[in-house]
Each structure stands twice: as structure tokens, then as C-alpha cells.
Amino acid sequence: KEAKLWGGRFEDSVTDAVERFSESVSYDKALYKHDIMGSKAHASMLAHQGLMSESEKDIILSGLDEIKKRIEAGEFVWRTDREDVHMNIEAALTDLIGEPAKKLHTARSRNDQVVTDLRLWCRDSIDKTVKLIRQLQVALVNLAQKNEGLIVPGYTHLQRAQPVLLQHLLLSYVEQLERDAGRLVDCKDRMNFCPLGACALAGTGLPINRFMTSDALAFTAPMRNSIDAVSDRDFVLELLAANSIIAIHLSRLGEEWVLWASEEFGFLTPSDSVSTGSSIMPQKKNPDPMELVRGKSARVIGSLTTLLVLCKGLPQAYNRDLQEDKEPLFDSVRTITGMLEVTAEFAYNITFNHARIQKALPAGHLDATTLADYLVNKGVPFRTSHDIVGRSVALCVSRNCQLSDLTLNDLQDINSAFEDDVYDFLGVENCVRKFRSYGSTGSECVREQINYWVSKLGI
Ligand code: ARG
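Residues numbered from 1 in each chain as written. Predicted model: local features only at pLDDT ≥ 70, side-chain atom pairs only at ≥ 80, totals over all residues.

**Overview of the nonpolar core**
Most often, soluble globular proteins keep nonpolar side chains buried together rather than apart.
Part 1: Core analysis: the biggest nonpolar cluster contains 100 residues, and Leu136, Leu140, Ala144, Leu170, Val174 and Trp257 have the highest contact counts within it.
Part 2: A total of 15 residues in this core trace back to one element, the largest contributor, which is helix α6 (residues 110–146).
Part 3: When residues no more than four places from it in sequence are discounted, the contact partners of Trp257 are Leu268, Pro287, Met290 and Phe346. (Core = buried A, V, L, I, M, F, W, Y, C linked by C-beta atoms within 7 Å. Buried ≥ 20, exposed ≤ 12 C-beta atoms within 10 Å, placed from the backbone. Helix = DSSP H or I, 4+ residues; strand = E, 2+ residues; numbered from the N terminus. Contact = placed C-beta atoms within 7 Å.)

Here it is as C-alpha cells:
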């Protein structure tokens, strides 16, 4: 067995079971790029501070580049007995360049190294996720533009409520995604401080320059407190919380589209390219991708929960428990990536069934609230007009008809405030024309929203 890099004080080697149980290289090798980036910045700083020679630094830098090349060519052998990505790379560097490699870990611990890698990795992952959010926003705006003027029933309690423009509904998701992106960017700004040089927990007596490594790695500044620097994973928690909120938004969209694709609704049809069939029922065409978007939100939330529980009992500074932060983080990011991609694909591959929706619109008295507003305009107090329209709806229910089917006499029998202009306020098209408040579903307001997103997203 190879001696461990930390093996000086040990007489016996760890058992195979312990080695298997405690290794992390099988998954933290995903950090290799950031680990090498951090090591290069660290080596350059050490040379600048006179803690290694320029030529030692140059040999280290080109050795690290060579290792990166081998990893990317699939030629690098990851060794479980070398525990994690950090020791695999350091040991491989020693194999490759010999003596100078032994200076790389000067004034550094894996405790500050791993959390530096992790911050760099999270920073990149946020940039990628934000890009995918933008792409989904574009897909939704595009879908809205393809369906200009289409009125759909708006629901509360999943019961018919008021008519809305489909564009308005789709843009409500675009708004949510905008805040999702904002949360990620906020969390990136807060995480962008450099732990490197905190060493094990206490910093070092060696003359390092933490501002130099922080700058080289494009952090805002070095972290002020070395204990804090190695202790906390709040930045991962924030990222996982932000991802969980994205997941919930996408899950709700998934639920809505799955519902709308049902025979009972029939409001939308996914194309074959985003549907799957049944192994037994030959007629089936299922909207599986959006069901899975809904389903996978569970594991994104699960990852957040895992990390919350992981962190809650830890005393300050590094504890090995923290190694367990990576798999939930990687899984959350991977899952959110897929969810965002697939939802955008779905958006490009569904058709709203205008005729079917048109046929569904008369049911449910979607125009009742607009009718109540009509009476308000005639000077009737709202509570009174609510009651009058309620009685008008009851009449419709008893006759199995719509409000617009009632005659002026019917209406005036209920209340004399009704006049013959009332028919201008009935029916979903009339209703939608009447909405005018800022942010409402009125055609003009929705056009402004579309214009806003088209220019903001550069469509
Ligand atoms: N693989 C470890 C982790 O991911 C690296 C830090 C280990 N530090 C230590 N002192 N054992 O947390």
C-alpha cells in the first residue's frame, strides 16, 4: 500500500472498509478543474511571497496543466486509496514532477482547499443555471407570442374564476423565473469571498498573501475570519434553497400542463417528440417529461433537506461530515439543469387547442365579477352588486344558461340598475377588454408585458 500524504504519525494503514467508506474521489473528482485553478493561484502566490522559487512554481504550474490534460483525455487514474480529488491531484503531481510538488500544500489545508473549490464550482454552476432560466423564459415568451389573443379560463381553487389571456398566464411563470434567477445571482454575490489561506482553521504564521489568491480567482475579497471560512456551507444551502424554489415553480407548471393535456381539459397537446407511450395500453400518449419535472422537484427539495440536517449539529470549523455536502449539491444542480432544459423543450413542442378552449369558455360564469364591476360603475356599492350578480348567477344555474342569455327584463327584475349596455360587459371577450389595472390581464397591459420581456430578454 502507498503511504498516505498524512501518514507520518501512523503505524497501521486503514482497513479496506474504512477506505471504501470514507473516500470521496468517486464523486468529488467533479471539482478537478476548480481544484487545479485554486492550486495554480496558490502556487503563484507562494512564489511571489518567496515561499517557493519561481522555477519550482513554473514546474508546478505546468505539471498541473499536464494533469488537467490527462484528466480531460480520460487518461488519469483516480485512486480510491488517495481519498479525494485534492490528494489524487497532489499525489499525481508528485509522481509527475517530484520534489517541487511537496511545496504546493504550504500554508494550505484541505479544509480551506475544498471549500475554495466548492465556492468556485457553485459560482460556475450558478452562471449555467441562470443561462438555462433565460432560455426557458424565452421559450415561454415565444409560446405566448404564438398564442396572442387566446383567452383561457382562469382558476382559483381549481374552479372557474375569471377569463385571462393565455399570454398573461404564461408570463406569470416568466416573472417567477426572473426572481429565481435573481436569487441565484444574490447568492453568488454573497458566496464570492475567498476562504483560501484560512488553512486548517486558524490561518498561518507563514507570510502568505490572501488578497493575491483572492484576486487571482476573481473573488471579491478574502474571507475575514479563518474559522468561518472553513466552517460554513451556508452558500451551498442558499444555492440549494434557490434551486428548490425553482423546482417548485417548475413542478407547478408541470402540474398545470399535465392537467391541461388530460382528456378532461384537452386544452393542450404535446407533440410526439415530448410524449411517451404505454407498454400495455396502445392508445396512450403521456406527458411524461412534465410529470418527471414535477417528480424530480422532490429530490431537489430532498437535497436541501439533507444539507440542512447535515449542518445543524456541527461544532465550528471543519468536520468530516461536511464531505457529505457534495452529492446533494451536485445532484440538485444536475437535476435542475435537466428540469429547465426539458421544460423549455416542452414549451416549444405543445399546441394549445384554441377550438376546444373556445368551447369551454362559456361554462362557469367567468364574467360574473366583471358584471359586478359594471354595477359599481352605475353607483351600486360593491357588496350590493356582488349580491345582485350572485342572484343573477343563481337564476342562470336554475335555467342552465349563461349570464349573457338572461334578458334585460330578467336582469332588471333582479335590480333596476341594469341597463341595455350590460351586454357589453358579458362574455369573456368583453371581460378581457374591460381589464385595465396595472398588471392586469387586459389586452393592452399584456401587450406591455410582452414588450417588456421581448426587450429584456433580447428576443
Ligand atoms: N474530502 C474532504 C471533504 O470533502 C476534504 C477535506 C478533508 N479534510 C480533512 N481534514 N480530512 O470534505
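**Details of the packing of helix α11 (residues 288–312) against helix α12 (residues 326–348)**
Part 1: With their axes 9 Å apart at the nearest point, α11 and α12 run at an angle of 160° to one another. Accordingly, the angle class assigned to the pair α11 and α12 is roughly antiparallel. In the crossing of α11 with α12, the sense of the turn from one axis to the other is left-handed. Two secondary-structure elements touch here, α11 through Pro289, Met290, Val293, Lys296, Arg299, Val300, Ser303, Thr306 and Leu307 and α12 through Pro328, Asp331, Ser332, Thr335, Ile336, Met339, Val342, Thr343 and Phe346. (Axes fitted to C-alpha atoms, helices over the stretch in contact; angles between N-to-C directions. Parallel < 35°, antiparallel > 145°, perpendicular 65-115°, else oblique. Left-handed = near helix turned anticlockwise from the far one by under 90°.)

**Topic: the pairing of strand β1 (residues 151–156)**
Part 1: Pairing analysis gives six bridges linking β1 to strand β2 (residues 159–165), with the strands arranged antiparallel. What sits directly across from Thr156, in β2, is Gln159.
Part 2: Linking β1 back to β2 in an antiparallel pair, the connection comprises two residues, with His157 at a positive phi of about 55°. (Pairing = 2+ DSSP bridges.)

**Digging into the domain arrangement of the chain**
Part 1: Considered domain by domain, the chain is made up of domain 1 (7–106), domain 2 (111–357) and domain 3 (360–456).
Part 2: Summarising the inter-unit geometry, the C-alpha centres of domain 1 and domain 2 are found 32 Å apart.
Part 3: The partner domain 2 presents 19 residues to the 18 residues of domain 1 that form the contact.
Part 4: Secondary-structure elements contributing two or more residues to the side of domain 1 that touches domain 2 are α2 (25–28) and α3 (32–48).
Part 5: Of the residues forming the side of domain 1 that touches domain 2, the biggest block, nine residues, is contributed by α3.
Part 6: Of the residues belonging to the side of domain 1 that touches domain 2, the class tally is seven nonpolar, nine polar and two charged. (Domains from an automatic or database assignment. Nonpolar A, V, L, I, M, F, W, Y, C, P; charged D, E, K, R; others polar.)

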